[in-house]
Structure formats: structure tokens, C-alpha cells
Amino acid sequence: MRLFILAFAAGVLVLQMQPELPVWPQWALAGGLLTLPGWRWPSWPSRLLAIVGCCALGFAWAGWRADLRLAEQLPAAWEGRDIEVVGVIAALPQDFSSGTRFEFVVDKVLTEGAVVPHRLQLSWYQGRGADQADRPPLRPGERWHFTVRLKRPHGNANPGGFDYEAWLLERDIRATGYIRPDPPQRLAEMVWQPDYLIERLRFAVRARYTDMLPADRYPWAGILVALAVGDQRAIQGDLWTTFNRTGTTHLMSISGLHVTMVAALFGWLVNFGWRRVPALALRLPAQKAGLLAACLAAFVYALLAGFAVPAQRTLYMLLVAALALLSGRLIAPSRTLLLALLVVLLYDPWSVLAAGFWLSFGAVGALLYIGSARLGEGRGWRQQVRAWGVIQWAATLASLPVLLLVFQQFSLVSPLANALAIPLVSFVVTPLALLAALVPWWPIAALAHGVLDWLMSFLIWCAAWPIWQAPAPPLWAAIAAGLGVAICLLPRGVPGRLLGVPLLIPALFWPVDKPGAGEAWITVLDVGQGLASVVRTREHTLIYDPGPLYSAESDAGQRVVVPYLRWLGINRVDMLMVTHRDSDHSGGTASVRAALAVGELRSSLPEIGGEPCLAGQRWAWDGVVFEVMHPSAEAYQRDSKTNHLSCVLRIEAGGRAALLTSDIEAPDEAALLARDAGKLAADVLLVPHHGSKTSSTPAFLHAVGARAAVIPVGYRNRFGHPKEAVLARYEALPMTLWRTDRDGAVEIGLGAESVTLTAWRRAYRRYWYDK
């Protein structure tokens, strides 16, 4: 049975890597035909066929679920149009700097002819209209009448980046949008359904913590909220850096260990009380009563936690174990874990896309793996200390392949940090956080925060230690590392354990992919409405604009640029060029400078320091020539509009050239033509000002003579870029047009042999893109 479940899981995983959805009924039929012989005739050939059949069934199951979910779409004709809807706020609203974001379940569409998916993600922006200045507090379970503008699910598509579209698909959110100024109306204070009631309870707990522990005086209050109700977005963004560097991320949300602890506590209390009531003990043995109470407590806590994968996994394992004990059967722990895996995949086949899925099941699998080999060892304190050390070693080693594949780093201090953090968070902080949620008394919450304050001081100290960073390894190297981990964790005395070490080497020391001498690779990243690009030569890296500021809490430097460079294995840049002041170009500057070592800074912004961009600046790296074409010294004295001071950079490699133009406008293009039109010739043009009507004059485009142009632009952006007239101007020329909103990140290769362009959405397409 174990192999069958693993084969089913493999089929689910393979489906999530497909560029297009297959015809799933054919796979279901093939899987059924191959699986049946394995159940009737348990010979090795038939079992092998059954394993293949289970893989096909997993493929078909995930395909069927995806087919159902993608069938519900927002028609393109209704994107960006006013639609009146009535529905219910279905989850915890999340406040951000300019408003509130929440999930909304549509009950009724009032606009005639409009087709709207049943679940939306909406933003209610503060101050986008006079009637929104006094936006009321929103609570889960409320029914509202809104006028909304929607668009299809769309996220940035970049190497090493977060797949927002996959996340929306998993949550069954088939459109996103915002509230229009038409006065919204609250129609009901509460819609009495179980799921809304649970979300209202979570909201109430979060509100109590906000009242008891104001964020300005209690900086770790968000962690307590995350431990109590699973709201990880309550934790400040910079704290996740500390948790990542110490390997304690898994503790700062509701994990399987926390669910187990709560279940064990309630089970013990019921068992203890049940034994003391003879009438109850005669009807049902106290052990079984305690077991049922533990399962109920785990179920309630998992719901309170938002039903995340680690909580699901623990709940299903407890239910399987409880059923086995109640029926008088014994089930191996590994079989219990795999049955929980099967239930998770049947419920949510997209869970395999989340790193938490692999870390959760991988860590528990590793602990069961080493535990089964150490049954019967001594129980003295020395053995207990040694066992604790072995558990830390196994959990750290088991997470290594996933951390390198997904995050390109792992914490060297993780065993030390977790040795203290696991017992303290699991057995002190979390119980106090839950007690404060049940009994909202300030001293309890303050005590939990005080213990957490001491722990955070220790973790911040640990976070200063070095971490291991490496480029993202290929999938085969991560799989080989997983096999190496299994060999290294074999029991003492088993020969050949050191043979697992060579299998870890490719993932640990995967080399940085570099251009050849005299070549340049330019990546125009997909950052929405803004610009961020990375230029690499053989031994040097330059960031040409770090991207937009999304909100007070996030920017493209933090979300896109830094993850991309870590995916490449780069933690130092030789030059950061911030072309001008506009926040859609400079918004990520602080995050890049905080996360990476920056050798040189050039910009047209005197307030951030560094050297100013000036026409005529020229340097060469590894046979690649860089030249700043604009602005001139006179432009700094003459122009007050920031676009006119945009740094224009020409890159030449092997006789091929790219011209990066930032936000220059028609007067700047004319100035470039007047200074030296011949120097503007390039094979690839980064389209000025995102295709605005103020740029891309015919004379400028003729002088550049590019064969390819890249437009850095956001999907359905509010400026309407690129403008139709400008787009027509480019399409009339003999060139290929690329767009980041359609193609994702665009990789440009300059070299003596040729000029190549590759789009991330095309090269690594997934079936949910543009759906």
C-alpha cells in the first residue's frame, strides 16, 4: 500500500508541472485497468503495473480537480468593468498600508449579463474616493453589497519567484479586484454558516490580542496571533528573515507539533476525568474517550489555524491512529503518515506546490525513519539527550534538499536554534498563547510575550551567524540529495552510510551559471508596473533599477530582485544603478541594499548617495562595454521632472548591443539624437517609459533600429501602458515585441554568435497561466 500511495502522489506532482491540462478521463481509465491486476494477483509484474496505474490515477485525479476549478473563469470581456455583487466576507481581512484585502464569496450578481466566479479576492483602498475615507471595519461573515472591478488571476512570473497564480488557484480564487466608490452597503452583520463562524472566531481572537498587546509596545504580538489562529500575515515581514536564517520558520505558525500538543493535553484531561466517573468508564473505556477527545481537539485547533498542510497532516495521522486503536488494529507509523498524505492530496492536490508540504511530511518521515531504527535504546538521561540531538540532526538534514531547491539556502545554526526554540515555543509560548485566546487576561498574554521576547533575543543573535547559500540545484540533484539523506540517516553499524555524502554534493555545490567571456545576459524581470533588470557578465553583476514599491510593507527588491539573485547563487552585486526617483523604478532600493552587498551605487538621486549617472561614463567588465548615454550635466541643472533625469545605459557584447532607456521622454530622445545618433544603434531596446505616449518617437526608433523590443509593463495597469498608438508604431517596424505582463521575465543574451531572447512564461509554462 505504501508504494501505491507514493505512486499516486508522484502522479499528482507530475500533473502540476504540465504546461497544459491533459484529457484526464483517458488517464483515469488507464490507471484503473493497470491497478486492478495488482489487487487481484499479487505477483511482482502485476504489482509493478499497479504502481504505474496508481501514478496514472494520481495524474488523473489532479487533472480532474484542476479541470473543475479552471472551468470557472472571469470572461475577458468583463475585466475592468463595474459589476454589482452581493456576498459574504469569507476569511480574515488583512490590513495593509493603503487599505484592506479580503476573500469574498459571491451569493448574487446584480449586473445583468455579468459572469463572476464564486470566490474573489478584493481590496478596499483607503482614500480612493471621498466616501471611502471612513471605511468601516470589516469582519468575516458579514454580507455586503459592493460595486467591484475585477481582473483574471495574474501574478509576476520570474525565476526563483513566488507563483501568485498557483496560490490563488489553490485557494479557489478565480478573480481579483477592488471596491469602487459607489457606496457599499452592509446587508447583514453575520451569516450563520460553520465556516464563517470559525473565521469570525479567529477574527475575535486576533482582535483581543490587538487590544491586549498593542504593536507599538509589544513587537512580537503578531507571532502570538500566528500561533493562536494561524494568521502568518500578522508577523512583520522583516522577522521572517530572522526565522529563515535560524531555521525556525516552522515554529512561528501552527505546526504539527503544536496540534499534537493540544490534542495530547485535551486527551489526557478527558482520560483523567473519565476514569473518575464509573458510569462513564463502564459505557466507554477512558483510553478511548481520551483518544476521541484528542481527535476532536486536533480538529478544532486545525480549523482555528486555517487548516494549513502541517495541521492537516497531523489531524489525519491522529484520525488514522485513533481508528486503528478503536478497532483493535495496529498500523505502522509509516503507513499512518502515508494515509495522511493520501487524504491531503485528495483534499488539496495543489498542496505539492508549497514548500511547507515537503518540509512537513519530509521532517516527520525522517523522524519515523530514524525512530524505527532506534527502538529499544536506553532511557537514561544521557540517552535522552543523545536522542534529542539525533532528532535535531535528522530534521535538519531531511529539510536540506527542499531548502536548497526552494530557498537556495539553509541555516548552519538551525540545530542550536531549534534545540532551544522547539521546547520553548511548543510547551511554553503556544500553550500561553492559546490560554490567552480562551481567557483574554492581559497578564497571560504579557507572560507569553515576555518569554517570546527572551527567545527572540537569542534568535536575533543566532541570525547573525553565516548561512549556506548556493544556486538553485536542478531537480535531479535535489532528488539525489534526498536519497543521500536517507543513506546518511541509516542506523549506526550499517555499512556504507558515508556513501550518502557524495549524493549531497551536487545540491550543496551546484555551480553558478555564468555567461562566457565577452557575453552579457540581461534579465528584464516581471515586477508589474515598473522596471527591474539584472545584467550579468562573466564575473560581474549590475542591477538596472530595483523595481517598484508595492506598499509600505513590500517592494520588488524584496519580492522579486533578491529572490532571483539568490536563485542564481549571487549575494553580491558590483553596481546598483537607480535610474531616477519614481517609485516604480526606485522603490526596491532599500531592500536590495539591506539584503545584498552592493559594490557601487549610481543614480540621478543625490539623496541616496553614490555617484551620479552622467553621459559619457564608460567602463568594461569581462569584455563587455557599458556606457551611460543620459542624462548630461546640463540636464541636472535644467530639468526638474524626474523622467528627464533617467539613466540610459548602452551595453555592447561581441558586437551586439542593448539600449536600456528607463523612463526617458520625447525631449530626452531628441537630446540623445542630437548628441550622437550613431551611438544609439542597438539590437534590443528596452522600451522607454513602459510604452507611454510621451516616448518612442519615430526618429528615435529609426536611429536605434532594434530587432527586438521589451516592454516592462504591468497587467491591466491603471495608466493604460503601452498606449495603442505607440504599440502600433512598434508593430509596424521589423522587430519582435516582448512584454513582461504577457511573457513574464525576459532573458536577453548578447554575444558574438547571436542575440537570443527567452520568456519565462513560455519556457516554463504551467497550465494555470493566463487562466
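Look a little higher up for the structure.
A quick note: this is a predicted structure, and the numbers were derived from the prediction, not measured.

**Quick look at the overall build of the protein chain**
Then, number 1: For the protein chain, the count of helices and strands is 27 helices and 24 strands.
Then, number 2: Against the compact-globule benchmark of 28 Å for 771 residues, the protein chain has a radius of gyration of 29 Å, which places it among compact chains.
Then, number 3: Taken along its principal axes, the extent of the C-alpha atoms in the protein chain is 100 × 70 × 60 Å.
Then, number 4: Evaluated residue by residue, the protein chain yields a buried proportion of 51% over its 771 residues.
Then, number 5: Accessible surface computed for the protein chain: about 34400 Å², of which carbon and sulfur atoms make up 63%.

**Describing the state of the cysteines**
Then, number 1: The tally for this structure, following the rule as stated, stands at one disulfide.
Then, number 2: Through a disulfide, Cys613 is tied to Cys647; the S-S separation comes to 2.3 Å. Taking the sign of the torsion about the S-S bond as the criterion, the disulfide between Cys613 and Cys647, at about 95°, is right-handed. With Cys613 in the loop between β15 (611–612) and β16 (618–621) and Cys647 in the loop between α22 (633–638) and β18 (648–653), this residue pair connects regions lying 34 residues apart in the sequence. The same class applies to Cys613 as to Cys647, namely buried.

**A few points about the packing of aromatic side chains**
Then, number 1: Within the structure shown, the criterion is met by 29 aromatic pairs.
Then, number 2: Centre to centre, the rings of Trp27 and Phe59 are 4.6 Å apart; their planes meet at 55°, and the pair counts as tilted. Pair noted here: Trp27 is in helix α2 (residues 24–40) and Phe59 is in helix α3 (residues 44–70), with a separation of 32 residues, a long-range link.
Then, number 3: Overall, Trp27 belongs to the partly exposed group, its relative accessible area being 40%.
Then, number 4: Look at Phe59 and you get buried, because its relative accessible area is 9%.
Then, number 5: Summarising the aromatic geometry, the rings of Trp124 and Phe146 are spaced 5.6 Å apart at their centres and angled 80° between planes, so their arrangement reads as edge-to-face. Of this pair, Trp124 sits in strand β4 (residues 119–125) while Phe146 sits in strand β5 (residues 143–151), and the two are 22 residues apart along the sequence.
Then, number 6: Classification of Trp124 by relative accessible area gives buried; the value is 2%.
Then, number 7: Lying over the aromatic face of Phe272, Arg276 brings its terminal NZ or CZ to 3.8 Å of the ring centre.

**Description of helix α23 (residues 666–676)**
Then, number 1: Listed in full, the buried residues belonging to α23 are Asp668, Glu669 and Leu672. Buried residues of α23, viewed axially, fall in a sector of 105°; they line one side. Turned more than 90 degrees away from the buried face of α23 sit Pro667 and Ala674, all of them exposed.

**Quick notes on unusual backbone geometry**
Glycine aside, negative phi is the norm for most residues, and most peptide bonds take the trans geometry.
Then, number 1: Note that the residue after His630, namely Pro631, is joined by a cis bond; omega there is 5°.
Then, number 2: Positionally, Pro631 belongs in the loop between β17 (624–630) and α22.
Then, number 3: Going from His721 to Pro722, the amide bond is cis rather than trans, its omega being -10°.
Then, number 4: You can see Pro722 is positioned in the loop between β21 (708–711) and α25 (724–731).
Then, number 5: Even without being a glycine, Arg716 presents a positive backbone phi close to 50°.

Calculation rules
- Residues numbered from 1 in each chain as written.
- Predicted model: local features only at pLDDT ≥ 70, side-chain atom pairs only at ≥ 80, totals over all residues.
- Heavy atoms only, no water.
- Helix = DSSP H or I, 4+ residues; strand = E, 2+ residues; numbered from the N terminus.
- Rg over C-alpha atoms; globule rule 2.2 N^0.38 Å.
- Buried < 20%, exposed > 50% of the residue type's maximum accessible area, 1.4 Å probe, protein only.
- Areas by Shrake-Rupley, 256 points an atom, 1.4 Å probe, with all protein chains shown as cover.
- Disulfide = S-S within 2.5 Å.
- Phe/Tyr/Trp six-rings, centres within 6.5 Å; stacked < 30°, edge-to-face > 60°.
- Lys NZ or Arg CZ within 6 Å of the ring centre and 35° of its normal.
- Arc of directions from axis to C-beta.

Bear in mind that shape data such as this cannot, by itself, settle questions of function.
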